[in-house]
Amino acid sequence: MRMFGLIGLCVLMLISPAWAQPTTGTPEVPKITVQGEAVVYVKPDKILLTFGIETWDKEDILAAKKKNTEILKKVSAVLKELGIPEKDVQTDYLSIEPRYRDGYRREEFLGYFVRNTLVVTLQQPEKVEHLITDLLQVGVNYIHGIEFHTTEFKKYREQARTLALQAAK
């Protein structure tokens with residue numbers, strides 16, 4: 001027992017001088033920190049619209065897929081009518097699956113569900129309302145999101161930086 005106390009005291013003596021020594025670094029120099037913020041409002045010139053079509057059939061998986069394909073054809077016609085090029089339309093997600101009311105126990109079968117999600121890049125923002133209305137009318141039943149972008153992001157970011165620096169001064 002006495003040996004343990006002596007070892008603990010020796011370790012403490014080895015550590016103690018490090019605590020007792022004054023710091024030898026340079027003294028801290030006083031400093032002033034400033035911040036500046038700026039907001040630049042930009043009219044979007046590119047819109048990404050993500051939407052989905054979900055169909056189902058109680059008994060036939062191919063019937064569920066066929067319903068989805070029929071709506072997709074109507075969607076393609078709407079996009080063509082609005083002058084949206086095919087290169088601006090991308091399939092984002094496709095799933096075909098059986099569904100049950102409780103999910104896992106498979107007691108009550110609801111049917112086969114087909115979900116197709118598309119992303120449309122719209123270069124004419126003034127058409128967004130018309131596009132959404134037309135898509136809903138032909139059977140689109142999910143709007144997953146609308147993102148507003150500018151193709152001149154770097155230019156506006158630099159403008160905001162300049163204004164923030166001026167605000168900080």
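Since we're looking at a predicted model, the values are computed, not measured.

It is worth spelling out the overall build of the protein at this point. A tally of helices and strands in the protein yields four helices and four strands. Its helices and strands in sequence order give the protein the pattern α-β-α-β-β-α-β-α, from N to C terminus. Relative to its full complement of 169 residues, the protein shows a buried share of 23%. Taking the intrachain contacts of the protein between residues at least 6 apart in sequence as the baseline, contacts between residues at least 24 apart amount to 76%. Of the roughly 13100 Å² of accessible surface on the protein, a fraction of 58% belongs to carbon and sulfur atoms.

A separate point is the side chain of Glu 54. Position of Glu 54 among the secondary structure elements: in strand β1 (residues 46-57). Engagement of the side chain of Glu 54 in a polar contact is seen with the side chain of Arg 115, the distance being 3.1 Å. For Glu 54, the side chain forms a polar contact with the side chain of Tyr 142, separated by 3.4 Å. If near-sequence neighbours (up to four positions away) are discounted, Glu 54 is found in contact with Asn 68, Arg 99, Phe 113, Val 114, Arg 115, Asn 141 and Tyr 142.

Under the counting rule described, the total for this entry stands at three aromatic pairs. Aromatic pair Phe 109 and Tyr 112: ring centres 5.1 Å apart, planes at 70°, arrangement edge-to-face. Judged by its relative accessible area of 23%, Tyr 112 is partly exposed. Site record: aromatic cluster; members linked through ring pairs are Tyr 100, Phe 109 and Tyr 112. Between Arg 99 and the ring centre of Phe 113, over which it is positioned, the NZ or CZ distance is 4.0 Å. One residue, Arg 115, lies across the ring of Tyr 142, its end atom 4.1 Å from the ring centre.

All right, on to the pairing of strand β3 (residues 109-122) then. β3 sits mainly inside the fold: 10 of its 14 residues count as buried. Sheet analysis places β1 next to β3, joined by 11 bridges and oriented antiparallel. The partner of Ile 53 across the bridge, within β3, is Asn 116. Pairing between strand β2 (residues 89-100) and β3: 11 bridges, direction antiparallel. Across the sheet, Arg 99 pairs through a bridge with Gly 111, a residue of β3.

Here the focus is the sheet that holds β1. Strands sit in the order β2-β3-β1-β4 across an open sheet of four strands; the sheet is antiparallel. Only two strands of the sheet have a single partner each, and these edge strands are β2 and β4 (142-149). Adjacent strand axes in the sheet meet at a mean angle of 10°, parallel and antiparallel pairs treated alike. The pairing of β1 with β4 spans seven bridges and is classified as antiparallel. In the strand pairing of β4, Gly 52 is matched with Tyr 142. Strands β1, β2 and β3 of the sheet are contacted by helix α2 (residues 61-81), whose axis makes an angle of about 150° with β1. Where helix α3 (residues 128-137) meets the sheet, it contacts β1, β3 and β4, and its direction lies at approximately 5° from that of β1.

Cut-off values and rules
- Residues numbered from 1 in each chain as written.
- Predicted model: local features only at pLDDT ≥ 70, side-chain atom pairs only at ≥ 80, totals over all residues.
- Heavy atoms only, no water.
- Helix = DSSP H or I, 4+ residues; strand = E, 2+ residues; numbered from the N terminus.
- Buried < 20%, exposed > 50% of the residue type's maximum accessible area, 1.4 Å probe, protein only.
- Contact = heavy atoms within 4.5 Å.
- Areas by Shrake-Rupley, 256 points an atom, 1.4 Å probe, with all protein chains shown as cover.
- Polar contact = N/O pair within 3.5 Å; in protein donor to acceptor, adjacent residues only side chain to side chain.
- Phe/Tyr/Trp six-rings, centres within 6.5 Å; stacked < 30°, edge-to-face > 60°.
- Lys NZ or Arg CZ within 6 Å of the ring centre and 35° of its normal.
- Pairing = 2+ DSSP bridges.
- Axes fitted to C-alpha atoms, helices over the stretch in contact; angles between N-to-C directions.

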